[in-house]
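# Coordinate inspection notes
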Amino acid sequence: MAVNPEALYAAHQHRLFKYFCRAVGQTETARDLTQDVFLRVSRTTIPVAADGEVRAWLFQIARNLALDHHRKRLRHPEPSVLMDEGARLPSQDVDLAVNEALAALADLDRDVFLMREVAGLGYEEIGRACGLTPDAVRSRIHRARLQLREHLTSPIATRRTMPMRQSGRQP
Amino acid sequence: MSDTHEVISAFLDDEPFNSSELAEALGEPAGRDLLIDLIALRHLAQTDGKEPLALRAQKPWRSSLRAIAAVAAVLVALVGGYLVGERRSDVAMSAAPPATRVVQVPAAWQDVTSGRMQ
């Protein structure tokens with residue numbers, strides 16, 4: 001049974017986009033990289049496998065693209081502009097803090113964390129995408145969480161005062 | 001805390017976990033605190049991807065504009081040059097060019113018979 005690239009795009013583009021938004025911290029770049037994933041998919045044979053395996057395969061491509069992007073940024077750093085503090089919304093300040101905390105993590109720890117928290121992948125899928133065992137994924141996710149908790153003490157304390165759901169979706 | 005509380009991460013992620021380990025972890029105030037912090041962190045990490053992020057790399061739109069302006073200038077020069085050249089060649093074909101030098105005939109003009117120079 002051949003897998004239709006359009007159907008794959010429709011099913012996974014949103015979670016890939018969200019992953020890239022946090023992985024690269026720029027909405028426009030995230031959009032471009034999401035397109036790039038499917039450009040690569042269109043040039044290759046899509047594996048005929050269970051949903052989870054296809055998702056892991058897509059995220060493996062996405063991770064490679066994000067790493068390439070980071071390498072390019074290191075070689076040719078772009079000037080970054082910080083928006084005027086008065087013009088920023090409080091939620092944008094939090095976004096900025098989260099992105100900075102994520103950037104301080106090791107690449108692999110950041111990726112496993114984002115694949116779990118933002119893209120909603122299971123440990124097995126993340127393990128396939130990153131070449132790790134599920135136990136290693138569990139350890140790395142926990143380690144990333146502890147590091148982020150340390151970096152984001154104040155936003156976490158603020159968030160704790162608001163209603164929450166275990167899923168992280170807005171109540 | 002990192003190793004003993006991994007079970008909290010597994011529980012939070014709906015992954016298989018050991019219930020007695022979880023009970024032990026949540027029996028401590030630090031474990032309960034961690035669970036709530038990790039849920040708050042989950043809320044912070046999730047993004048709908050619609051909001052413009054505060055820290056953005058400057059898009060190289062200025063350099064793009066410069067490149068477009070340079071291409072436009074070259075195009076204008078080429079088209080202008082072509083049109084000017086076209087006009088000049090029309091003039092050259094339809095009319096004789098004005099004389100650049102006029103040779104005056106001397107006042108004392110003489111016919112000399114060939115072969116008998118004095």
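Residues numbered from 1 in each chain as written. Chains lettered and ligands numbered in written order. Predicted model: local features only at pLDDT ≥ 70, side-chain atom pairs only at ≥ 80, totals over all residues.

### Here's the deal with the overall build of chain B
Scanning chain B for helices and strands turns up four helices and one strand. Scanning chain B from its N terminus toward the C terminus, one meets helices and strands in the order α-α-α-β-α. In chain B, buried positions account for 19% of the 118 residues. (Helix = DSSP H or I, 4+ residues; strand = E, 2+ residues; numbered from the N terminus. Buried ≥ 20, exposed ≤ 12 C-beta atoms within 10 Å, placed from the backbone.)

### Observations concerning the overall build of chain A
Counting its regular elements, chain A contains eight helices and one strand. For chain A, the succession of helices and strands along the chain, N to C, is α-α-α-β-α-α-α-α-α. Its C-alpha atoms give chain A principal-axis dimensions of about 55 × 35 × 30 Å. Counting across all 171 residues of chain A, residues that qualify as buried make up 36%. Long-range pairs, those at least 24 residues apart, make up 68% of the contacts in chain A with a sequence separation of at least 6. (Contact = placed C-beta atoms within 7 Å.)

### Section: the environment of Ile46(A)
Residue and element names in this part refer to chain A. Position of Ile46 among the secondary structure elements: in the loop between helix H2 (27-42) and helix H3 (51-75). As a C-alpha pair, Ile46 and Pro5 span 41 residues in sequence and 7.9 Å in three-dimensional space. Non-local contacts of Ile46, meaning those with residues more than four positions away in its chain, are made with Val3, Pro5, Leu8 and Val41.

### Details of helix H1 (residues 5-24) of chain A
Residues and elements named next belong to chain A. Taking 1.5 Å as the rise per residue, H1 with 20 residues should run 28 Å; its terminal C-alpha atoms sit only 24 Å apart, a clear shortfall. Its maximal kink placed at His12, H1 deviates by approximately 50 degrees. Among the residues of H1, those classed as buried are His12, Arg15, Leu16, Phe17, Lys18, Tyr19, Phe20, Cys21, Arg22, Ala23 and Val24. Directly beyond the C-terminal end of H1, a positive phi value near 75 degrees is found at Gly25. (Expected span 1.5 Å × (residues − 1). Bend = angle between axes of the 7 residues up to and from the residue.)

### What about the packing of helix H8 (residues 153-160) of chain A against helix H3 (residues 29-45) of chain B?
Where H8(A) meets H3(B), the closest approach of the two axes is 9 Å, and the angle between their N-to-C directions is 100 degrees. One way to sum up the angle between H8(A) and H3(B) is to call them roughly perpendicular. Where H8(A) approaches H3(B), its residues Pro155(A), Ile156(A), Arg159(A) and Arg160(A) are matched on the opposing element by Ile36(B), Asp37(B), Ala40(B), Leu41(B), His43(B) and Leu44(B). For the contact of H8(A) with H3(B), a count of residues per class yields six nonpolar, one polar and three charged. (Axes fitted to C-alpha atoms, helices over the stretch in contact; angles between N-to-C directions. Parallel < 35°, antiparallel > 145°, perpendicular 65-115°, else oblique. Nonpolar A, V, L, I, M, F, W, Y, C, P; charged D, E, K, R; others polar.)

### Some words on the packing of H2(A) against H3(A)
When two helices pack together, their arrangement is given by the angle between the helix axes and the distance between those axes. Residues and elements named next belong to chain A. Running from N to C, H2 and H3 cross one another at 130 degrees; their axes reach a closest spacing of 10 Å. With respect to H3, the axis of H2 lies oblique. The handedness of the crossing between H2 and H3 is right-handed. In this structure, H2 contributes Thr29, Leu33, Asp36, Val37 and Arg40 to the contact, and H3 contributes Leu58, Ile61, Ala62, Leu65, Ala66 and His69. Its residues assigned to classes, the contact of H2 with H3 shows seven nonpolar, two polar and two charged. (Left-handed = near helix turned anticlockwise from the far one by under 90°.)

### Quick notes on the environment of Arg140(A)
In this structure, Arg140(A) sits in helix H7 (residues 134-151). Each residue touching Arg140(A), except ones within four places of it in the same chain, is listed here: Leu108(A), Asp109(A) and Val112(A).

### Notes on helix H5 (residues 107-117) of chain A
For H5(A), the buried fraction is high: nine of the 11 residues fall into the buried class. Within the sequence span of H5(A), burial applies to Asp109(A), Arg110(A), Asp111(A), Val112(A), Phe113(A), Leu114(A), Met115(A), Arg116(A) and Glu117(A).

### Focus on the nonpolar core
Counting residues in hydrophobic clusters, the biggest one holds 48 residues, and the most contacted among them are Tyr19(A), Phe20(A), Ala62(A) and Met115(A). If near-sequence neighbours (up to four positions away) are discounted, Tyr19(A) is found in contact with Ala62(A), Leu114(A), Met115(A), Val118(A) and Ala119(A). (Core = buried A, V, L, I, M, F, W, Y, C linked by C-beta atoms within 7 Å.)

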